[in-house]
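# Architecture at a glance
The chain contents come next:
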Amino acid sequence: MRTSPSPHMSGRWRRAGSTAVATSALLLAGLGTAVHATAATPDHVSAKAVATAVAKAHVQYESACDATPKKGYAACNALRVTAGTTAYMEKQAALKGLTAKTLKPNASAASPTGYGPSDLQDAYGLTDASASNGSGETIAIVDAYDDPNAAADLATYRSYYGLPACTTANGCFKKVSQTGSTTSLPTADSGWAGEISLDLDMVSAIAPNAKILLVEASSSSMANLGKAVNEAVTLGAKFVSNSYGGSESSSDTSYDSSYFNHPGVAITVSAGDEGYGAEYPAASKYVTAVGGTALSTSSNTRGWTESVWKTSSTEGTGSGCSAYDAKPSWQTDTGCTKRMIADVSAVADPATGVSVYDSYGSDGTGWNTYGGTSASSPIIASVYALAGTPGSSDYPAQYPYEDTSALNDVTSGNNGTCSTSYFCTAKSGYDGPTGLGTPAGLGAFTG
């Protein structure tokens, strides 16, 4: 559900994290040479000390697509960090025995300031699968408008992290319009280009051996985005990520049948970034609705901990009971008679955000950190791809409900106030903001 800007916003600025940032005190960050982070810590730095430093993460961020969409349209769910210190920056500084520097407003760093592939793979038990699985699979990204630098920015990200090249020339990467054209593409848009970079980089981080298909809708209308989903499936993608959403409407059930009813295809959709409230197409009964968490280093056995991502009552992961979409047979919570959002979740808090390379337009300043459920949707689509091709008649949204033991149950935090507690508050087992939990390997994403 899209809402008006929260009271503490000024223009496109937002504030997030555990500590407020005084803009006047911010200095340009310099992390020096890039570090490809892993969960391991040097002997002289305790995991507890690192976790304590990470808890200090505090950022300001802005919406990549800042306009509240009108009826029948969607906004992307990407949030770009513009100032502060991220969890990754705090971690790297702690490992070196230093105090983390801060990002200057609207300035990018010379090297990544967010979690990279090894962090995400380790956090979700995917290190071996990411190295070995995904070959032969195609993951589609559906977004609006064109990113002219998509291929070049993708190459920069993958080269930096030592991932296999994924180019048009080697057949790994393909960019098309919603009609399948490789030459007649939509108008370019800086905000959506940031969204596209985020999506492509998250697929690369989780499933570096998979092919990537970028399908660009001619506008952000639900009809055009839906046509792009259909085109992705027509072109053979068995995994389709959608990092956008808008308010629910009575048209949603017709959109369901026209655009999202694709048996044998894992379609993931961001739950939204506006806090408690249902969005579409996350509310579609045919998709996997993906909520968002704050992901932090921990001294526990896993090495990571997660809670519901929330900055304020209107800034955090979406969740809720749909007003229109019927409940799928595999969803068994009793408080909502219709479709409940979400099913599963992954990192989305900008303060614990992910590294992205984007060079197009006013937002394209190179290395940036992004958050929002736009990050969590392509992560989950890529986990499905690592797990293998879905059964031809299956709706893969059902898979996590069949093996909840292969998920990290998120039990703390909330994304707002609601009359039915689990709609907006985490608990053991299923809850709205994080669904059944986050990936702990591939077990919950296979049929």
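See the structure printed just above.
The following refers to the structure shown. (Residues numbered from 1 in each chain as written. Predicted model: local features only at pLDDT ≥ 70, side-chain atom pairs only at ≥ 80, totals over all residues. Heavy atoms only, no water.)

On to the overall build of the protein, then. Along the backbone of the protein there are 10 helices and 22 strands. For the protein, buried positions account for 62% of its 447 residues. Contacts spanning at least 24 positions in sequence make up 79% of the contacts within the protein whose residues lie at least 6 apart. Of the roughly 14,900 Å² of accessible surface on the protein, 50% is carried by carbon and sulfur atoms. (Helix = DSSP H or I, 4+ residues; strand = E, 2+ residues; numbered from the N terminus. Buried < 20%, exposed > 50% of the residue type's maximum accessible area, 1.4 Å probe, protein only. Contact = heavy atoms within 4.5 Å. Areas by Shrake-Rupley, 256 points an atom, 1.4 Å probe, with all protein chains shown as cover.)

Let us now look at the pattern of salt bridges. A complete count under the given rule lists seven salt bridges for this structure. The salt bridge involving lysine 327 is made with aspartate 333; its shortest N-O contact spans 2.8 Å. Among the charged side chains, a network of salt bridges with common partners joins Glu62, Arg80 and Asp363. (Salt bridge = Lys/Arg side-chain N within 4 Å of Asp/Glu carboxyl O.)

An order of E3-E9-E11 is seen for the three strands of this open sheet, with the pairing classed as antiparallel. In this open sheet, the two strands that pair with only one neighbour each are strand E3 (75–76) and strand E11 (279–280). By the bridge criterion, two bridges tie strand E9 (residues 244–247) to E11 in an arrangement that is antiparallel. Each bridged residue has a counterpart across the sheet, and for serine 247 the counterpart in E11 is glutamate 279. (Pairing = 2+ DSSP bridges.)

This brings us to helix H2 (residues 87–95). H2 sits mainly inside the fold: nine of its nine residues count as buried. Of all the residues in H2, the buried ones are Ala87, Tyr88, Met89, Glu90, Lys91, Gln92, Ala93, Ala94 and Leu95. The inward-facing, buried residues of H2 abut helix H1 (47–54), strand E2 (58–63), strand E4 (79–85), helix H3 (117–123), strand E12 (288–297) and strand E13 (304–308). Just beyond H2, the residue with positive phi is glycine 97, at close to 75 degrees.

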